[in-house]
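Take a look at the letters that make up each chain.
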Amino acid sequence: MAQYIEQYQRRRLISSYFSVVLSIALVLFLLGVLGMLVLNTKKLGDHFKEQITISVFLKDNAKPVEVDQLQKSLAMAAYTKSAVYVSKEDAAEQYSEDIGENFQEFLGYNPLKNSVDVNLKADFVSPEQVTEIAETLSAKTYVDEVSYDKPLISLLNDNVKKISLWILIACAVFTVIAVLLINSSIRLSIYSKRFIIKTMQMVGATKKFIRKPFIATNIKLGLFGALIALIALAVVLYYVNNNFPELNLFQDIKVLLLLFLSILGLGILISYLSTYFATQRFLNLRTDDLYY
């Protein structure tokens, strides 16, 4: 009978530890994902901004030397990420592939123009700066037209700002939720041992002596939960980086290391504080109050 009771208590203890570790791991993993979003919000926004193309269409009578000079000057400009010359023949071939038929056979000629497609650096993608660049290029005598998606640029800038704000708010909310969930799990774990705590206190053990094993155990659980969260986060980062290499998530190792250390430190800190205050609460209760 005594052996059965001992096994039952051991299973309850393992179950309690497992629930604490699992809650810590899940919450810290979500915080890590949000932390990565916060750190990479600008990078994500810059990636989408640099996909916007300004097409500089050239007049048919533009001289090759003028076209070559334009492409080189655009490639060297401070605002340019890339500048690619697209001949009217290449443009026609691409357009035919997009629509699924050869429109030149129907029209009898190629109405498209030679162009230089310019992708700007993210810092220069704003309605005012793009308009200024477009006006400068339009002033050249051999440029027929400068085309770009004005509404998309305004929409993209507005959405990047909104997303950044909401990610910060979500990160703050989840941090509070993380603290509350981990604190609740640890308090429930200690609640089941409240009579042991009071018994030790009644036989003369000091509060520090009673708290010490609980704090040590839950710090280990917090550390273990944080390590599980970090492993899961590393797997997610590896997967995302392999499928979206343009994001280059592993470019700044110091930032990633700081994030991982922060998650590890947060798991240990919350575990310590939650255990300290939970044990202190039961130490300060009267014996009769332990039953409520």
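For the structure, check the block above.
Bear in mind the structure is a predicted one, so any value in this text is a computation, not a measurement. (Residues numbered from 1 in each chain as written. Predicted model: local features only at pLDDT ≥ 70, side-chain atom pairs only at ≥ 80, totals over all residues. Heavy atoms only, no water.)

Side note on the overall build of the protein
- Along its length, the protein carries 9 helices and 4 strands.
- Out of the 292 residues in the protein, the part that is buried amounts to 36%.
- In the protein, of all internal contacts separated by at least 6 residues, the share reaching a separation of at least 24 is 81%.
- When the accessible surface of the protein is totalled, it reaches about 18200 Å², and 64% of it is carbon and sulfur. (Helix = DSSP H or I, 4+ residues; strand = E, 2+ residues; numbered from the N terminus. Buried < 20%, exposed > 50% of the residue type's maximum accessible area, 1.4 Å probe, protein only. Contact = heavy atoms within 4.5 Å. Areas by Shrake-Rupley, 256 points an atom, 1.4 Å probe, with all protein chains shown as cover.)

What about the environment of leucine 165?
- Looking at where leucine 165 falls in the secondary structure, it is placed in helix H6 (residues 150–191).
- Note on leucine 165: relative accessible area 48%, which makes it partly exposed.
- For the pair leucine 165 and valine 38, spaced 127 residues apart in the sequence, the C-alpha separation amounts to 9.5 Å.

Section: the packing of H6 against helix H9 (residues 253–284)
- The contact between H6 and H9 brings their axes to 9 Å, and the two run at 45 degrees. Taken together, the axes of H6 and H9 are oblique relative to one another. Handedness of the H6/H9 crossing: right-handed. Contacts from Val179, Ile182, Asn183, Ile186, Arg187, Ile190 and Tyr191 in H6 reach Ile270, Ser271, Ser274, Thr275, Ala278, Thr279, Arg281 and Phe282 in H9.
- Of the residues that constitute the contact of H6 with H9, the class distribution is 8 nonpolar, 5 polar and 2 charged. (Axes fitted to C-alpha atoms, helices over the stretch in contact; angles between N-to-C directions. Parallel < 35°, antiparallel > 145°, perpendicular 65-115°, else oblique. Left-handed = near helix turned anticlockwise from the far one by under 90°. Nonpolar A, V, L, I, M, F, W, Y, C, P; charged D, E, K, R; others polar.)

What to know about the environment of tyrosine 276
- Along the polypeptide, tyrosine 276 turns up in helix H9.
- Considering only alpha carbons, one finds tyrosine 276 and lysine 212, 64 residues apart in sequence, at a separation of 8.9 Å.
- Sequence-distant contacts of tyrosine 276, defined by excluding residues within four places in its chain, comprise Arg211 and Ile215.

Quick notes on the packing of aromatic side chains
- On inspection of all chains with the given rule, the structure shows 3 aromatic pairs.
- Pairing tyrosine 276 with phenylalanine 277 gives two aromatic rings, centres 5.4 Å apart and planes at 90 degrees, and the pair type is edge-to-face.
- Judged by relative accessible area, which is 54%, phenylalanine 277 ranks as exposed.
- Within the aromatic cluster, the residues linked to one another by ring pairs are Tyr272, Tyr276 and Phe277. (Phe/Tyr/Trp six-rings, centres within 6.5 Å; stacked < 30°, edge-to-face > 60°.)

Comments concerning the packing of helix H7 (residues 194–202) against H9
- Here H7 crosses H9 at 60 degrees, and the two axes come no closer than 9 Å. If you check the angle between H7 and H9, you find them oblique. Crossing of H7 against H9: the hand is right-handed. Together, Arg194, Ile197, Lys198 and Gln201 of H7 and Thr279, Phe282 and Leu283 of H9 make up the contact between the two elements.
- Of the residues contributing to the contact of H7 with H9, the split by class is 3 nonpolar, 2 polar and 2 charged.

Observations regarding the sheet that holds strand S4 (residues 143–147)
- Reading across the sheet, the 4 strands line up as S2-S3-S1-S4 and stay open at both edges, with antiparallel pairing between neighbours. The outermost strands of the open sheet, each flanked by one partner alone, are strand S2 (80–86) and S4. On average, each strand axis in the sheet is inclined to that of its neighbour by 20 degrees, with strand direction left out of account.
- Bridge count between S2 and strand S3 (residues 115–120): 6 bridges; the pairing is antiparallel. By the bridge assignment for S3, valine 86 is matched with serine 115.
- Sheet strands in contact with helix H2 (residues 64–76) are strand S1 (53–58), S2, S3 and S4, and its direction is about 160 degrees off that of S2. (Pairing = 2+ DSSP bridges.)

Let's talk about a negative patch on the surface
- Negative charge collects at one region of the surface, where Glu89, Asp90, Glu93 and Glu97 lie side by side.
- Counting through the fold element by element, glutamate 89 comes out in helix H3 (residues 88–99). (Patch = residues over 30% accessible without salt bridge, like charges linked within 9 Å, V, L, I, M, F, W, Y side chains within 5 Å. Salt bridge = Lys/Arg side-chain N within 4 Å of Asp/Glu carboxyl O. Lys, Arg positive; Asp, Glu negative; His and termini not counted. Charge placed at Lys NZ, Arg CZ, Asp CG, Glu CD.)

Some remarks on the pairing of S1
- As paired elements, S1 and S3 share 5 bridges and run antiparallel to each other. By the bridge assignment for S3, valine 56 is matched with valine 116.
- Here 4 bridges tie S1 to S4, and the two strands are oriented antiparallel to one another. In the sheet register, serine 55 faces S4, and the bridge partner there is serine 147.

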